[in-house]
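The lines below spell out each chain.
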Amino acid sequence: MLNKWNLREIVLMAILGVVFAVIYLFFFTVGTGITNILTPFGLGPFGYEVIFGIWFIVSIITAYIIRKPGAALISETIAGGVQVLLGSPAGPMLIVSAFIQGLGAESVFAATKYRNYSKGVLIAAGIGPAIFSFIWGLYHSGYIALSLPLLSSMLIVRVISGALIAGLLGKWISERLAETGVLRSYTLGKEWQTKREQKAS
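Residues numbered from 1 in each chain as written. Predicted model: local features only at pLDDT ≥ 70, side-chain atom pairs only at ≥ 80, totals over all residues. Heavy atoms only, no water.

## Describing the side chain of Ser161
- Summarising the element assignment, Ser161 is placed in helix α6 (residues 148-180).
- Relative accessible area serves as the criterion here: at 5%, Ser161 is assigned to the buried category.
- Apart from residues no more than four positions distant in its own chain, Ser161 is found in contact with Glu49, Val50, Ile51, Phe52, Gly53 and Ala166. (Helix = DSSP H or I, 4+ residues; strand = E, 2+ residues; numbered from the N terminus. Buried < 20%, exposed > 50% of the residue type's maximum accessible area, 1.4 Å probe, protein only. Contact = heavy atoms within 4.5 Å.)

## Looking at the pattern of salt bridges
- Evaluated as defined, the whole model comprises six salt bridges.
- With its nearest N and O atoms 2.9 Å apart, the salt bridge here joins Glu191 to Arg67. Here Glu191, found in helix α7 (residues 187-200), pairs with Arg67, found in the loop between α2 (57-66) and α3 (71-85); they are 124 residues apart in sequence, far enough to count as distant.
- What makes Glu191 partly exposed here is its relative accessible area of 28%.
- Since its relative accessible area comes to 14%, Arg67 is described here as buried.
- Where Glu179 meets Arg176, a salt bridge forms, and the shortest distance between an N and an O atom there is 2.9 Å. With Glu179 and Arg176 both in helix α6, this residue pair falls three residues apart, about one helical turn.
- With relative accessibility at 42%, the residue Glu179 sits in the partly exposed group.
- A single salt-bridge network, built from bridges that share partners, covers Arg67, Glu191 and Lys195. (Salt bridge = Lys/Arg side-chain N within 4 Å of Asp/Glu carboxyl O.)

## A closer look at the environment of Thr77
- The residue Thr77 is located in helix α3 in this model.
- Residues Thr77 and Ile100, 23 residues apart in the sequence, show an inter-C-alpha distance of 8.5 Å.
- Thr77 has contacts with Ile95, Ala98 and Phe99, leaving out every residue within four places of it along the chain.

## So, a nonpolar patch on the surface
- A cluster of nonpolar side chains, contributed by Leu7, Ile10, Val11, Ile15 and Val19, occupies part of the molecular surface with about 420 Å² of accessible area.
- For Ile10, the position within the fold is in helix α1 (residues 7-38).
- By relative accessible area, Ile10 is classed as partly exposed at 30%. (Patch = residues over 30% accessible without salt bridge, like charges linked within 9 Å, V, L, I, M, F, W, Y side chains within 5 Å. Areas by Shrake-Rupley, 256 points an atom, 1.4 Å probe, with all protein chains shown as cover.)

## Looking at the packing of aromatic side chains
- Applying the stated criterion across every chain, the model contains eight aromatic pairs.
- For the pair Phe134 and Tyr143, a centre-to-centre distance of 5.4 Å together with 40° between the ring planes defines the contact as tilted. Each member of the pair Phe134 and Tyr143 is classed as buried.
- Each residue in the set Phe28, Tyr48, Phe52, Trp55 and Phe56 is aromatic and connected to the rest through ring pairs, giving one cluster.
- Over the ring of Trp192 we find Lys195; its NZ or CZ atom is 5.2 Å from the centre of that ring. (Phe/Tyr/Trp six-rings, centres within 6.5 Å; stacked < 30°, edge-to-face > 60°. Lys NZ or Arg CZ within 6 Å of the ring centre and 35° of its normal.)

## A short note on the nonpolar core
- Ranked by size, the top nonpolar core spans 40 residues in total, and within it Ile65 and Phe109 carry the most contacts.
- Of all the elements in the fold, those that place two or more residues in this core are α1, α2, α3, α4 (93-111), α5 (119-140), α6 and α7.
- The element that contributes the greatest number of residues to this core is α2, accounting for eight residues.
- Residues in contact with Ile65, not counting those within four places in the same chain, are Leu12, Leu16, Ser174, Leu183, Tyr186, Thr187 and Leu188.
- Ranked by size, the runner-up nonpolar core spans six residues in total, among them Phe46, Phe134, Tyr143 and Leu151. (Core = buried A, V, L, I, M, F, W, Y, C linked by side-chain atoms within 4.5 Å.)

So, in C-alpha cells, the structure goes:
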C-alpha cells in the first residue's frame, strides 16, 4: 500500500497521526464534560455524539493532503495506537475502533478510485466513519440494548458531526495549511500553488 509513497508523505502521515492522537485524548475529556452537563436533562448519550466527528478528522486531513491509497486508514490507526501508548482510558481496543473509523473514510475515497476530493466527497468521507463506528458500537459499546428511537437519534447526530467536523472542518484546516505554503511538497499544496499562479497571471 505504501510502495507508491515517498518518505515525506509517510513522515507527514505519522506526524498528523501523533498530533491528532493528543487532540483526540483532549476531546475525550471534553466529551465527558458535555455528557455531565447533558445527563441531568436526560441527554447524556449525546454527550460524545455531538463531537464524535473530531475522532475522524485526521483521516480526512491526511487523505485530502496526500491523496494516496491508505492515507485515511493508516493515519487514523496511527492516532489510535498513539492514544493507547499515551494511556487512553479506552485501552487497546481503541486501535480496533480507530481502524474501523479509518476504514469508513478510506472506503469513500476508494469508491472514487482516489480521484475525487471535492467537498461532497470529503463530507461523505466524514459520514463513512460515523456509520462504520456506530455499527461497531452496537456490540462493542452495548448500543444494541438501547431503544430504537434513541439509537436513531444518536446515529443522526453522529452522522451530522462527522459531516461537519471531520468533513468540512477537516477540509478547512487542510486548505489553511496549504495557504501557508507548508504543504507545497504534497498534492494539495501543489494544487493550491497552481491556483495562486493562475490568479496571478
